[in-house]
Structures are given as structure tokens and as C-alpha cells.
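Structure at a glance
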Amino acid sequence: DVKVTQSSRYLVKRTGEKVFLECVQDMDHENMFWYRQDPGLGLRLIYFSYDVKMKEKGDIPEGYSVSREKKERFSLILESASTNQTSMYLCASSLRGPETQYFGPGTRLLVL
Amino acid sequence: GENVEQHPSTLSVQEGDSAVIKCTYSDSASNYFPWYKQELGKRPQLIIDIRSNVGEKKDQRIAVTLNKTAKHFSLHITETQPEDSAVYFCASRWGYGQNFVFGPGTRLSVLP
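Residues numbered from 1 in each chain as written. Chains lettered and ligands numbered in written order. Predicted model: local features only at pLDDT ≥ 70, side-chain atom pairs only at ≥ 80, totals over all residues. Heavy atoms only, no water.

Turning our eyes to something else, we now look at the sheet that holds strand 1 (residues 4-6) of chain A. Sheet strands pair via backbone hydrogen bonds, and the direction of the pair is either parallel or antiparallel. All names here are of chain A. Taken in spatial order, the 4 strands make up an open sheet running 1-3-8-7, and their pairing is antiparallel. Unpaired on one side and paired on the other, strand 1 and strand 7 (64-70) mark the two borders of the sheet. Taken over all neighbouring pairs, the strand axes of this sheet differ in orientation by 20° on average, direction set aside. (Pairing = 2+ DSSP bridges. Helix = DSSP H or I, 4+ residues; strand = E, 2+ residues; numbered from the N terminus. Axes fitted to C-alpha atoms, helices over the stretch in contact; angles between N-to-C directions.)

Each disulfide consists of a covalent bond between the sulfur atoms of two cysteine residues. Scanning the entire structure with this criterion turns up 2 disulfides over all chains. Between the sulfur atoms of cysteine 23 of chain A and its disulfide partner cysteine 91 of chain A the distance amounts to 1.8 Å. Between cysteine 23 of chain A and cysteine 91 of chain A, the disulfide has an S-S torsion of -75° and is therefore left-handed. With cysteine 23 of chain A in strand 3 (residues 19-25) and cysteine 91 of chain A in strand 9 (residues 87-94), the pair connects residues that are 68 residues apart, well separated along the chain. Across the pair, cysteine 91 of chain A and cysteine 23 of chain A agree in class, each one buried. Here cysteine 23 of chain B pairs with cysteine 90 of chain B through a disulfide, and the sulfurs are 1.9 Å apart. Judged by the sign of its S-S torsion, about -100°, the bond between cysteine 23 of chain B and cysteine 90 of chain B is left-handed. Taken together, the positions of cysteine 23 of chain B in strand 3 (residues 19-25) and cysteine 90 of chain B in strand 9 (residues 86-94) put the pair 67 residues apart, joining distant regions of the chain. Like cysteine 23 of chain B, the residue cysteine 90 of chain B is buried in the burial classification. (Disulfide = S-S within 2.5 Å. Buried < 20%, exposed > 50% of the residue type's maximum accessible area, 1.4 Å probe, protein only.)

Once that is clear, we can look at the interface of chain B and chain A. The partner chain A presents 22 residues to the 17 residues of chain B that form the contact. Of the roughly 1700 Å² buried where chain B meets chain A, counting both sides, 53% is carbon and sulfur surface. Here chain B and chain A share 0 salt bridges between them. Of all the secondary-structure elements, those providing two or more residues to the side of chain B that touches chain A are strand 4 (30-38), strand 5 (45-51), strand 9 and strand 10 (100-102) of chain B. (Contact = heavy atoms within 4.5 Å. Buried area = accessible area lost by both parts, 1.4 Å probe. Salt bridge = Lys/Arg side-chain N within 4 Å of Asp/Glu carboxyl O.)

Shown next as C-alpha cells:
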């Protein structure tokens, strides 16, 4: 059974803080994704990675960066958190190609 | 880039009735269309998917149809049950990359 975990379920940060969200998958998946989920907008892709140290911008990469130093771990970084980054962040992974994406439980981030 | 629209945004049906959710996409190069179900407070989970070389796919009470000419695909749920109540997201993968675009979601309520 695929397991995708995220470091925090809830997080409260202040404007300007640097925020790290971590995602770990245990199925040796090649692809990993970061989405944010907002009401009425569905899931929007921030960044994805198809291999270690490889990353591609999604639809809304501004204000975010990512890091994938190990295959199982994909980190989302908010260099300087802003209130408009208050959202639910979902990590996902897939084996390769157009395969099923497995989602983590999500991190609800509140930026004050 | 790809744009995915989803209708309706909310849908209420009586238990036992059928529910249909429709998505349209803009890029004719899109070739893979998954549907995700997200129950309240839980992560999205894949329920069914279809590739562009197939017109219809069924899995028990759930079916997905694809009309490539019109660039739309639909989710059909028959004999709805209360546990079908959730938010449903369609998605489209365009080209041969890993970039998925999600629809905004449909909140389905099955009334007893």
C-alpha cells in the first residue's frame, strides 16, 4: 500500500517567515508533486519533480521553491511567507508516466 | 496551456438516483483523464481514469466517458449511496509531461 506522508497537518506562520513543507513517499516513486487546494479553484500544481535533483514549474510557482535531494523526499519552501499563501498544501507521488497519483493527507497552512 | 472546466459545482441527488459530472478540456493533445474523490477532511483518491484511446470505462457503479472530438469527459455514478457524498475532481494530463491540470471540483451530496 502506497504511503505518502507530510510533515505537518496544521501549521501557523507569520508573514515573512521561511516555511518548509516536507513530503515523503515509501514506494520508490519517480514523480512527486506539490499542489495547493483552494475553495472553488480545485488543485493547482505548484512544482513537480520527475527525478532526484530535477524540478519543473507548475502553474503557480511564484513565491515557492522546491528541493529533491533524495528520491523519497520532496520539500516545498516558502522563502518569505505571505498571507495569500494561506491554503491547503497537498503532496502527491506517482510511479512514472501518466500513472495514478497518490496523495498525502495535506498540510493546512495559515499565514498571519 | 491546458484549461479544465467542471460542471456543476454542486450536485444534490436522492439516494439511488444517478449523478453525472462533466469536464471539458482545451488542449487536444491531452491524453489521460483521471477522476479523484475527496471525502471531507481526507486526501483525494483516484476512483477511475481513462486514456485517450478509449471511449468508455466502467468499474461497478462508476463509469467515465470520453468524447475527444468535443473535448469533454464525464463521470457517471449509478445507484448513488450516502457514502458517495464527496467532492469530485476531474483532471487532464496534456502532452507527455507530468503536468496535470485539475478542474475546480464538484460537491456531490446524496440525500437519504
